[in-house]
Amino acid sequence: MSESETNQGLNDVSAALRAAGLQVTAQRLAVYHAVKAMPHAVADEISHAVRLELGVISRQAVYDALNAMSEHGILRRIQPAGSAARYEHRVDNHHHLACRKCGNVIDINCAVGEAPCLVAEHDHGYQIDEAEVIYWGVCPDCQKQQKKTPQAGQ
């Protein structure tokens, strides 16, 4: 990434933080950049990356930054069944594909059209603005590993 692209990214995040009424701090910027570098990471992974960048930051400060930016739509929080919350910088309407074996999560573009991109059979009076879809399967790496590992009893 060039220096001008990095500066533009900082300006965009800084502007988003200000627009949300949040202070632009080194901690929040570091948390955002850690999430951007490791999409779908859990808070402890993000905390570790931020500590490597800043030196000292409490786990609570990282959680607070993640929560504040998620609440204001700067980051997105997802929580696949059986998984800790994960964070990503991509906040547009999209879905996820999760591996049942290793837990890897990747982005999948929206199934159809604009948000919520799926239509409920009956909305029960709700104004639906989002459909969260997680496809489950086994990733290519885990499929290869399964083929290499002989099954018990064989």
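Residues numbered from 1 in each chain as written. Predicted model: local features only at pLDDT ≥ 70, side-chain atom pairs only at ≥ 80, totals over all residues. Heavy atoms only, no water.

Student: Explain the pairing of strand β4 (residues 94-99) to me, and be specific about the residues and the numbers.
Tutor: The side chains of a regular strand alternate between the sheet's two faces. Taking burial as the measure, the six residues of β4 include five buried ones, the bulk of the element. Sheet analysis places β4 next to strand β5 (residues 105-109), joined by five bridges and oriented antiparallel. Within β5, the position partnered with H95 by the bridge is I108. If you look at the hairpin formed by β4 and β5, you'll find five residues sitting between the two strands, and G103 has a positive phi there, around 85°. Looking at chain direction, β4 and strand β6 (residues 134-137) are connected through four bridges and run parallel. Bridge pairing in β6 places L97 opposite Y135. (Buried < 20%, exposed > 50% of the residue type's maximum accessible area, 1.4 Å probe, protein only. Helix = DSSP H or I, 4+ residues; strand = E, 2+ residues; numbered from the N terminus. Pairing = 2+ DSSP bridges.)

Student: Requested: an account of the sheet that holds strand β2 (residues 76-78), with residues and values cited.
Tutor: With antiparallel pairing, the three strands of this open sheet are ordered in space as β1-β3-β2. Bordering the open sheet on either side are β1 (41-42) and β2, each of which pairs with just one other strand.

Student: How would you summarise the pattern of salt bridges if you had to cite specific residues and measurements?
Tutor: For side chains bearing opposite charge, pairing can occur when the charged atoms are close. Counted according to the given criterion, the structure contains four salt bridges. Taking the shortest distance from any N to any O, the salt bridge between R76 and E88 comes out at 3.8 Å. Here E88 lies in strand β3 (residues 86-88) and R76 lies in strand β2, a separation of 12 residues in the sequence. Note on accessibility: R76 and E88 belong to one class, buried. Between R90 and D92 there is a salt bridge, with the nearest N and O atoms lying 2.6 Å from each other. Residue classification places R90 among the partly exposed residues on the basis of a relative accessible area of 22%. Sharing partners across several salt bridges, the network here consists of R90, D92 and D107. (Salt bridge = Lys/Arg side-chain N within 4 Å of Asp/Glu carboxyl O.)

Student: I'd like a description of the confidence of the model for the protein chain, backed by residues and values.
Tutor: Of all residues in the protein chain, 84% attain a pLDDT of 70 or more, and the chain-wide mean is 85. Predicted confidence is poor over residues 1-8, with pLDDT under 50, and the contacts of this stretch with residues over four places away or in other chains come to two contacts. (pLDDT = per-residue confidence, 0-100. Contact = heavy atoms within 4.5 Å.)

Student: Mind laying out the nonpolar core, listing which residues take part and the relevant values?
Tutor: Core analysis: the biggest nonpolar cluster contains 23 residues, and L17, V31, I46, V50, L66, M69 and Y87 have the highest contact counts within it. Where this core is concerned, the elements lending two or more residues are α1 (3-19), α2 (26-37), α3 (43-54) and α4 (59-71). When residues in this core are grouped by element, the largest group, six residues, is from α2. With residues up to four places along the chain from it excluded, the contact list for V31 reads I46, V50, V62, A65, L66 and M69. (Core = buried A, V, L, I, M, F, W, Y, C linked by side-chain atoms within 4.5 Å.)

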